[in-house]
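Fold and contact review
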Amino acid sequence: MTTYDARENLSDLTATADEVRRSVESVIEGKPEAVRLALTVLLAEGHLLVEDVPGVGKTMLAKALARSIDCSVRRIQFTPDLLPSDITGVSVYDQERREFEFKPGAIFAQIVIGDEINRASPKTQSALLESMEERQVTIDGQTYPLPNPFMVVATQNPVEMEGTYTLPEAQRDRFMARLSIGYPSTAAELEMLDVHGGVSPLAGLRPVAHADDISKLIAAVRGVHVAEPVKRYAVDLVTATRNHPELRLGASPRATLQLLRAARAAAALNGRDFTLPDDVQFLAMPVLAHRLLPTAQAQLNRRTAEHIVYDIVQRTPLPSPAPAPGGAQAPAPVQARGF
(Lines give C-alpha, C1' and ligand atoms only; values in the text may rest on other atoms or scores of the structure.)
Protein backbone atom coordinates (compact mmCIF):
# COMPACT_ATOMS: atom_id res chain seq x y z
CA MET A 1 0.00 0.00 0.00
CA THR A 2 1.36 3.45 -0.93
CA THR A 3 1.63 6.51 1.27
CA TYR A 4 -1.21 8.07 -0.71
CA ASP A 5 -3.51 5.17 0.18
CA ALA A 6 -2.55 5.54 3.83
CA ARG A 7 -3.60 9.20 3.71
CA GLU A 8 -6.97 8.28 2.24
CA ASN A 9 -7.63 5.78 5.00
CA LEU A 10 -6.20 7.88 7.83
CA SER A 11 -9.50 9.51 8.80
CA ASP A 12 -11.24 6.11 8.83
CA LEU A 13 -8.43 4.69 10.92
CA THR A 14 -8.56 7.37 13.57
CA ALA A 15 -12.38 7.29 13.75
CA THR A 16 -12.55 3.51 14.15
CA ALA A 17 -9.62 3.45 16.57
CA ASP A 18 -11.29 6.15 18.67
CA GLU A 19 -14.45 4.06 18.91
CA VAL A 20 -12.47 1.01 20.07
CA ARG A 21 -10.50 3.16 22.53
CA ARG A 22 -13.65 4.66 24.05
CA SER A 23 -15.18 1.19 24.34
CA VAL A 24 -12.16 -0.19 26.22
CA GLU A 25 -11.86 2.92 28.41
CA SER A 26 -15.46 2.44 29.53
CA VAL A 27 -14.16 -0.67 31.32
CA ILE A 28 -10.58 0.33 32.21
CA GLU A 29 -11.00 3.48 34.25
CA GLY A 30 -8.30 6.15 34.28
CA LYS A 31 -5.68 4.33 32.21
CA PRO A 32 -5.73 5.98 28.75
CA GLU A 33 -2.00 5.37 28.15
CA ALA A 34 -2.38 1.61 28.62
CA VAL A 35 -5.40 1.47 26.29
CA ARG A 36 -3.60 3.53 23.66
CA LEU A 37 -0.55 1.26 23.76
CA ALA A 38 -2.77 -1.81 23.38
CA LEU A 39 -4.36 -0.27 20.27
CA THR A 40 -0.95 0.65 18.90
CA VAL A 41 0.24 -2.94 19.21
CA LEU A 42 -2.95 -4.24 17.58
CA LEU A 43 -2.60 -1.97 14.54
CA ALA A 44 1.13 -2.72 14.30
CA GLU A 45 0.43 -6.48 14.00
CA GLY A 46 2.19 -7.21 17.27
CA HIS A 47 1.52 -9.06 20.50
CA LEU A 48 1.09 -7.49 23.92
CA LEU A 49 2.41 -8.60 27.32
CA VAL A 50 0.58 -7.09 30.30
CA GLU A 51 2.60 -7.51 33.49
CA ASP A 52 1.48 -6.35 36.92
CA VAL A 53 0.41 -7.47 40.36
CA PRO A 54 -2.90 -9.38 40.72
CA GLY A 55 -6.17 -7.48 40.68
CA VAL A 56 -5.32 -4.32 38.74
CA GLY A 57 -7.24 -5.24 35.56
CA LYS A 58 -4.77 -7.08 33.32
CA THR A 59 -7.27 -9.70 32.14
CA MET A 60 -10.03 -7.09 32.04
CA LEU A 61 -8.00 -4.99 29.58
CA ALA A 62 -7.46 -8.02 27.34
CA LYS A 63 -11.13 -9.02 27.45
CA ALA A 64 -12.36 -5.46 26.85
CA LEU A 65 -10.16 -5.12 23.77
CA ALA A 66 -11.35 -8.48 22.44
CA ARG A 67 -15.04 -7.72 23.04
CA SER A 68 -14.78 -4.32 21.37
CA ILE A 69 -13.96 -6.05 18.08
CA ASP A 70 -16.32 -8.46 16.32
CA CYS A 71 -13.87 -11.33 15.81
CA SER A 72 -13.08 -14.80 17.09
CA VAL A 73 -11.67 -14.84 20.63
CA ARG A 74 -10.17 -17.67 22.68
CA ARG A 75 -8.97 -17.54 26.26
CA ILE A 76 -6.21 -19.82 27.57
CA GLN A 77 -5.75 -20.15 31.32
CA PHE A 78 -2.09 -21.04 31.74
CA THR A 79 -1.58 -23.52 34.57
CA PRO A 80 1.32 -25.83 35.52
CA ASP A 81 -0.45 -28.85 34.00
CA LEU A 82 -1.28 -27.18 30.66
CA LEU A 83 0.19 -29.09 27.70
CA PRO A 84 1.54 -27.64 24.43
CA SER A 85 -1.09 -29.62 22.50
CA ASP A 86 -3.82 -27.81 24.46
CA ILE A 87 -2.63 -24.63 22.77
CA THR A 88 -1.67 -25.70 19.26
CA GLY A 89 -3.97 -28.68 18.74
CA VAL A 90 -3.46 -32.38 18.14
CA SER A 91 -3.91 -34.99 15.41
CA VAL A 92 -6.46 -37.66 16.37
CA TYR A 93 -6.87 -40.95 14.53
CA ASP A 94 -10.35 -41.39 13.04
CA GLN A 95 -11.10 -45.11 12.98
CA GLU A 96 -14.02 -44.78 10.56
CA ARG A 97 -12.03 -42.92 7.92
CA ARG A 98 -8.75 -44.59 8.92
CA GLU A 99 -6.81 -41.36 8.87
CA PHE A 100 -5.61 -38.70 11.27
CA GLU A 101 -7.79 -35.63 11.79
CA PHE A 102 -6.42 -32.37 13.14
CA LYS A 103 -8.24 -30.88 16.12
CA PRO A 104 -7.32 -27.17 16.37
CA GLY A 105 -6.21 -25.84 19.73
CA ALA A 106 -7.08 -22.58 21.43
CA ILE A 107 -4.48 -20.64 19.40
CA PHE A 108 -6.80 -20.73 16.36
CA ALA A 109 -8.54 -17.41 16.98
CA GLN A 110 -8.05 -13.82 15.90
CA ILE A 111 -7.47 -12.55 19.44
CA VAL A 112 -5.98 -15.01 21.91
CA ILE A 113 -6.00 -14.09 25.61
CA GLY A 114 -3.27 -15.92 27.50
CA ASP A 115 -4.06 -15.44 31.18
CA GLU A 116 -1.13 -15.68 33.63
CA ILE A 117 1.19 -17.03 30.95
CA ASN A 118 4.12 -17.41 33.35
CA ARG A 119 2.30 -19.98 35.50
CA ALA A 120 2.80 -22.64 32.83
CA SER A 121 6.08 -24.45 32.28
CA PRO A 122 8.61 -23.03 29.79
CA LYS A 123 7.87 -26.03 27.52
CA THR A 124 4.22 -25.03 27.28
CA GLN A 125 5.06 -21.35 26.87
CA SER A 126 7.27 -22.28 23.92
CA ALA A 127 4.24 -23.68 22.09
CA LEU A 128 3.42 -20.07 21.20
CA LEU A 129 6.74 -19.32 19.49
CA GLU A 130 5.86 -20.36 15.94
CA SER A 131 2.33 -18.99 16.19
CA MET A 132 3.42 -15.52 17.31
CA GLU A 133 6.25 -15.12 14.81
CA GLU A 134 5.03 -16.91 11.68
CA ARG A 135 1.26 -16.87 12.31
CA GLN A 136 0.98 -20.58 11.65
CA VAL A 137 1.07 -23.90 13.50
CA THR A 138 2.97 -26.99 12.37
CA ILE A 139 1.70 -30.35 13.66
CA ASP A 140 3.08 -33.70 12.43
CA GLY A 141 4.72 -32.02 9.45
CA GLN A 142 1.51 -30.25 8.36
CA THR A 143 1.30 -26.45 8.52
CA TYR A 144 -1.97 -24.71 9.37
CA PRO A 145 -2.30 -20.91 8.90
CA LEU A 146 -3.81 -18.79 11.65
CA PRO A 147 -6.65 -16.32 11.00
CA ASN A 148 -6.08 -12.66 10.14
CA PRO A 149 -5.82 -10.39 12.05
CA PHE A 150 -4.05 -12.34 14.79
CA MET A 151 -2.95 -11.00 18.17
CA VAL A 152 -1.88 -12.58 21.45
CA VAL A 153 -2.60 -10.56 24.58
CA ALA A 154 -0.87 -12.29 27.48
CA THR A 155 -0.98 -11.36 31.14
CA GLN A 156 1.53 -12.31 33.78
CA ASN A 157 2.33 -11.62 37.42
CA PRO A 158 5.78 -10.35 38.39
CA VAL A 159 8.35 -13.12 38.79
CA GLU A 160 8.50 -12.42 42.52
CA MET A 161 4.98 -13.87 42.86
CA GLU A 162 4.68 -17.47 44.06
CA GLY A 163 4.14 -20.17 41.44
CA THR A 164 5.52 -18.28 38.44
CA TYR A 165 8.16 -19.19 35.86
CA THR A 166 10.40 -16.71 34.10
CA LEU A 167 9.47 -16.31 30.43
CA PRO A 168 12.23 -17.59 28.11
CA GLU A 169 14.16 -14.88 26.25
CA ALA A 170 12.83 -16.12 22.89
CA GLN A 171 9.26 -15.84 24.19
CA ARG A 172 9.70 -12.30 25.52
CA ASP A 173 11.28 -11.20 22.26
CA ARG A 174 8.12 -12.11 20.35
CA PHE A 175 6.00 -9.67 22.32
CA MET A 176 6.07 -6.29 20.62
CA ALA A 177 5.48 -4.37 23.85
CA ARG A 178 5.03 -4.81 27.56
CA LEU A 179 2.88 -2.58 29.72
CA SER A 180 2.04 -2.28 33.38
CA ILE A 181 -1.40 -0.96 34.26
CA GLY A 182 -0.65 0.12 37.81
CA TYR A 183 -3.11 1.01 40.55
CA PRO A 184 -5.93 3.44 39.66
CA SER A 185 -6.12 6.94 41.04
CA THR A 186 -8.45 7.59 43.98
CA ALA A 187 -11.02 9.26 41.72
CA ALA A 188 -10.91 6.43 39.18
CA GLU A 189 -11.28 3.82 41.91
CA LEU A 190 -14.27 5.60 43.42
CA GLU A 191 -15.90 5.81 39.98
CA MET A 192 -15.17 2.12 39.47
CA LEU A 193 -17.03 1.30 42.70
CA ASP A 194 -20.05 3.35 41.62
CA VAL A 195 -20.26 2.11 38.04
CA HIS A 196 -19.01 -1.47 38.31
CA GLY A 197 -19.81 -2.34 41.91
CA GLY A 198 -22.93 -4.36 41.18
CA VAL A 199 -22.42 -5.71 37.67
CA SER A 200 -19.54 -6.91 35.52
CA PRO A 201 -18.17 -4.03 33.42
CA LEU A 202 -17.96 -6.38 30.44
CA ALA A 203 -21.67 -7.25 30.52
CA GLY A 204 -22.80 -4.30 28.42
CA LEU A 205 -19.80 -4.15 26.10
CA ARG A 206 -20.66 -4.56 22.43
CA PRO A 207 -18.36 -4.71 19.36
CA VAL A 208 -17.72 -1.34 17.75
CA ALA A 209 -15.52 -2.62 14.91
CA HIS A 210 -15.34 -5.72 12.74
CA ALA A 211 -12.28 -7.86 12.13
CA ASP A 212 -12.31 -6.74 8.47
CA ASP A 213 -12.14 -3.13 9.64
CA ILE A 214 -9.07 -3.89 11.73
CA SER A 215 -7.42 -5.63 8.76
CA LYS A 216 -7.98 -2.53 6.64
CA LEU A 217 -6.56 -0.29 9.34
CA ILE A 218 -3.50 -2.52 9.64
CA ALA A 219 -2.98 -2.19 5.87
CA ALA A 220 -3.25 1.60 6.17
CA VAL A 221 -0.66 1.65 8.96
CA ARG A 222 1.78 -0.25 6.75
CA GLY A 223 1.70 2.68 4.34
CA VAL A 224 2.73 5.28 6.91
CA HIS A 225 5.98 6.90 5.76
CA VAL A 226 9.20 6.39 7.74
CA ALA A 227 12.02 8.74 6.76
CA GLU A 228 15.63 7.58 6.68
CA PRO A 229 16.68 9.67 9.74
CA VAL A 230 13.88 8.06 11.80
CA LYS A 231 15.06 4.60 10.76
CA ARG A 232 18.61 5.55 11.71
CA TYR A 233 17.43 6.82 15.09
CA ALA A 234 15.65 3.52 15.83
CA VAL A 235 18.77 1.55 14.84
CA ASP A 236 20.93 3.79 17.05
CA LEU A 237 18.71 3.14 20.07
CA VAL A 238 18.73 -0.62 19.58
CA THR A 239 22.48 -0.70 18.87
CA ALA A 240 23.12 1.19 22.10
CA THR A 241 21.46 -1.63 24.08
CA ARG A 242 23.87 -4.16 22.55
CA ASN A 243 26.92 -2.14 23.56
CA HIS A 244 25.78 -1.00 26.99
CA PRO A 245 28.11 -2.16 29.80
CA GLU A 246 25.20 -2.82 32.18
CA LEU A 247 23.45 -5.23 29.81
CA ARG A 248 24.40 -8.83 29.11
CA LEU A 249 21.70 -9.16 26.44
CA GLY A 250 20.66 -6.31 24.19
CA ALA A 251 17.71 -5.95 21.84
CA SER A 252 17.50 -8.11 18.70
CA PRO A 253 16.95 -7.01 15.08
CA ARG A 254 13.36 -8.15 15.60
CA ALA A 255 13.08 -5.40 18.22
CA THR A 256 14.16 -2.79 15.64
CA LEU A 257 11.50 -3.97 13.19
CA GLN A 258 8.80 -3.98 15.83
CA LEU A 259 9.85 -0.56 17.12
CA LEU A 260 9.34 0.93 13.65
CA ARG A 261 6.03 -0.89 13.14
CA ALA A 262 4.77 0.44 16.45
CA ALA A 263 5.98 3.93 15.52
CA ARG A 264 3.94 3.76 12.30
CA ALA A 265 0.82 2.81 14.25
CA ALA A 266 1.43 5.54 16.83
CA ALA A 267 1.81 8.14 14.07
CA ALA A 268 -1.44 7.00 12.44
CA LEU A 269 -3.31 7.18 15.76
CA ASN A 270 -2.02 10.75 16.08
CA GLY A 271 -3.50 11.59 12.66
CA ARG A 272 -0.21 11.62 10.75
CA ASP A 273 0.83 9.65 7.65
CA PHE A 274 4.51 10.02 8.55
CA THR A 275 6.52 9.08 11.63
CA LEU A 276 8.66 11.30 13.84
CA PRO A 277 11.60 10.48 16.08
CA ASP A 278 9.17 11.35 18.86
CA ASP A 279 7.09 8.28 18.00
CA VAL A 280 10.14 6.02 18.28
CA GLN A 281 11.25 7.72 21.48
CA PHE A 282 7.83 7.40 23.09
CA LEU A 283 7.71 3.65 22.37
CA ALA A 284 11.32 2.81 23.27
CA MET A 285 10.48 1.86 26.86
CA PRO A 286 7.52 -0.52 26.26
CA VAL A 287 9.10 -2.09 23.16
CA LEU A 288 12.70 -2.56 24.33
CA ALA A 289 12.83 -2.89 28.13
CA HIS A 290 11.34 -6.38 28.48
CA ARG A 291 13.87 -7.82 25.99
CA LEU A 292 16.96 -6.70 27.92
CA LEU A 293 18.91 -8.59 30.58
CA PRO A 294 20.95 -6.45 33.03
CA THR A 295 24.29 -7.76 34.28
CA ALA A 296 24.67 -9.12 37.80
CA GLN A 297 26.49 -5.94 38.85
CA ALA A 298 23.67 -3.77 37.50
CA GLN A 299 21.16 -5.83 39.49
CA LEU A 300 23.27 -5.41 42.63
CA ASN A 301 23.18 -1.66 41.98
CA ARG A 302 19.38 -1.92 41.64
CA ARG A 303 19.53 -0.82 38.03
CA THR A 304 16.59 -2.18 36.05
CA ALA A 305 16.20 -2.49 32.29
CA GLU A 306 13.84 0.50 32.44
CA HIS A 307 16.55 2.67 34.02
CA ILE A 308 18.99 1.68 31.29
CA VAL A 309 16.54 2.37 28.45
CA TYR A 310 15.84 5.78 29.96
CA ASP A 311 19.57 6.56 29.98
CA ILE A 312 19.98 5.36 26.38
CA VAL A 313 17.12 7.55 25.18
CA GLN A 314 18.59 10.56 26.99
CA ARG A 315 22.05 10.05 25.50
CA THR A 316 21.16 9.10 21.92
CA PRO A 317 21.12 12.23 19.71
CA LEU A 318 17.84 13.02 17.99
CA PRO A 319 17.93 13.49 14.21
CA SER A 320 17.23 16.98 12.90
CA PRO A 321 13.59 17.64 11.93
CA ALA A 322 13.04 16.85 8.25
CA PRO A 323 10.27 18.02 5.90
CA ALA A 324 7.23 15.77 6.07
CA PRO A 325 5.79 14.15 2.93
CA GLY A 326 4.02 16.72 0.79
CA GLY A 327 6.31 19.55 1.83
CA ALA A 328 4.88 20.16 5.31
CA GLN A 329 7.46 20.77 8.03
CA ALA A 330 7.41 18.10 10.71
CA PRO A 331 7.32 19.43 14.27
CA ALA A 332 10.40 18.89 16.39
CA PRO A 333 10.16 15.92 18.77
CA VAL A 334 9.91 16.43 22.49
CA GLN A 335 12.89 15.16 24.49
CA ALA A 336 12.20 12.09 26.64
CA ARG A 337 8.47 12.10 25.97
CA GLY A 338 6.53 9.37 27.72
CA PHE A 339 9.03 8.74 30.53
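Every value quoted in this text rests on a predicted model; they were computed, and no experiment measured them.

On to the nonpolar core. In this structure, L48, L65 and V280 are the most contacted members of the largest nonpolar core, which totals 75 residues. Here this core takes 10 residues from helix α11 (residues 253–269), the largest share from any one element. Setting aside residues no more than four positions away along its own chain, L65 makes contact with V20, V24, A38, L39, L42, I111, M151 and V153. Formed by 24 residues, the second largest nonpolar core is a distinct cluster that contains I87, I107, F108 and I139.

Turning our attention to a nonpolar patch on the surface. A grouping of L190, M192 and L193 is seen on the molecular surface, where their side chains present a nonpolar patch of about 290 Å² in accessible area. Tracing the chain through its elements places L190 in helix α8 (residues 186–196).

Right, let's talk about the confidence of the model for the chain for a bit. The share of residues in the chain with pLDDT of 70 or more is 90%, and the mean pLDDT across the chain is 86. In the predicted structure, residues 328–339 sits below a pLDDT of 50 and forms 32 contacts with residues beyond four places in sequence or in another chain.

The subject of this paragraph is the sheet that holds strand β10 (residues 177–179). Reading across from one edge, β3-β6-β9-β1-β10 is the order of the five strands in this open sheet, with parallel pairing throughout. Strand pairing shows two members of the sheet lacking a second neighbour, β3 (73–77) and β10, which therefore form its edges. When the angles between neighbouring strand axes are averaged without regard to direction, this sheet yields 15 degrees. Judged from the four bridges that link them, strand β1 (residues 48–51) and strand β9 (residues 151–156) form a sheet pairing that is parallel. Its bridge partner lying in β9, V50 is registered against T155.

Take the pairing of strand β8 (residues 142–145) next. Looking at chain direction, strand β7 (residues 136–139) and β8 are connected through four bridges and run antiparallel. Following the sheet pairing, T138 is matched in β8 by T143. Hairpin connection, β7 to β8: the antiparallel pair is bridged by two residues, and D140 has positive phi, about 50 degrees.

Residues of β1 alternate between two faces, with L48 and V50 on one and L49 and E51 on the opposite face, all of them buried. In the sheet, β1 pairs with β10 via three bridges, with the strands oriented parallel. The residue of β10 that forms the bridge with L48 is A177.

Turning our attention to unusual backbone geometry. In this structure, P149 follows N148 across a cis peptide bond, with omega equal to -5 degrees. Residue position: P149 is located in the loop between β8 and β9. Although it is not a glycine, E116 adopts a positive phi angle of roughly 55 degrees. Along the chain, the position of E116 falls in the loop between β6 (111–115) and α5 (122–125). Judged by its relative accessible area of 23%, E116 falls in the partly exposed class. Even without a glycine there, the phi angle at D140 is positive, about 50 degrees. The exposure class assigned to D140 is exposed, which follows from its relative accessible area of 66%.

Side chains carrying opposite charge are able to pair once their charged atoms draw close together. This structure, assessed with the given rule, holds 17 salt bridges. Taking the shortest distance from any N to any O, the salt bridge between R222 and E45 comes out at 2.7 Å. Taken together, the positions of R222 in helix α9 (residues 211–222) and E45 in the loop between α2 (32–43) and β1 put the pair 177 residues apart, joining distant regions of the chain. E45 gets classed as partly exposed once you look at its relative accessible area, which sits at 26%. The partner of R303 in a salt bridge is D311, with the nearest N and O atoms 2.4 Å apart.

Attention now moves to the packing of aromatic side chains. A complete count under the given rule lists three aromatic pairs for this structure. With 5.7 Å between their ring centres and 65 degrees between their planes, F102 and F108 make a pair best called edge-to-face. For the pair F102 and F108, a shared accessibility class is recorded, and that class is buried. Seen from their ring centres, F102 and Y144 are 4.0 Å apart, and the 10 degrees between their planes marks the pair as stacked. With F102 in strand β5 (residues 99–104) and Y144 in strand β8, this pair connects stretches of sequence that are 42 residues apart. Classification of F102 as buried rests on a relative accessible area of 14%. These aromatic residues form a ring-pair network of at least three members: F102, F108 and Y144. Looking at R272, its charged tip hangs above the ring of F274, at a distance of 5.8 Å from the centre.

Reading the values: the criteria
Residues numbered from 1 in each chain as written. Predicted model: local features only at pLDDT ≥ 70, side-chain atom pairs only at ≥ 80, totals over all residues. Heavy atoms only, no water. Core = buried A, V, L, I, M, F, W, Y, C linked by side-chain atoms within 4.5 Å. Buried < 20%, exposed > 50% of the residue type's maximum accessible area, 1.4 Å probe, protein only. Helix = DSSP H or I, 4+ residues; strand = E, 2+ residues; numbered from the N terminus. Contact = heavy atoms within 4.5 Å. Patch = residues over 30% accessible without salt bridge, like charges linked within 9 Å, V, L, I, M, F, W, Y side chains within 5 Å. Areas by Shrake-Rupley, 256 points an atom, 1.4 Å probe, with all protein chains shown as cover. Salt bridge = Lys/Arg side-chain N within 4 Å of Asp/Glu carboxyl O. pLDDT = per-residue confidence, 0-100. Pairing = 2+ DSSP bridges. Axes fitted to C-alpha atoms, helices over the stretch in contact; angles between N-to-C directions. Phe/Tyr/Trp six-rings, centres within 6.5 Å; stacked < 30°, edge-to-face > 60°. Lys NZ or Arg CZ within 6 Å of the ring centre and 35° of its normal.

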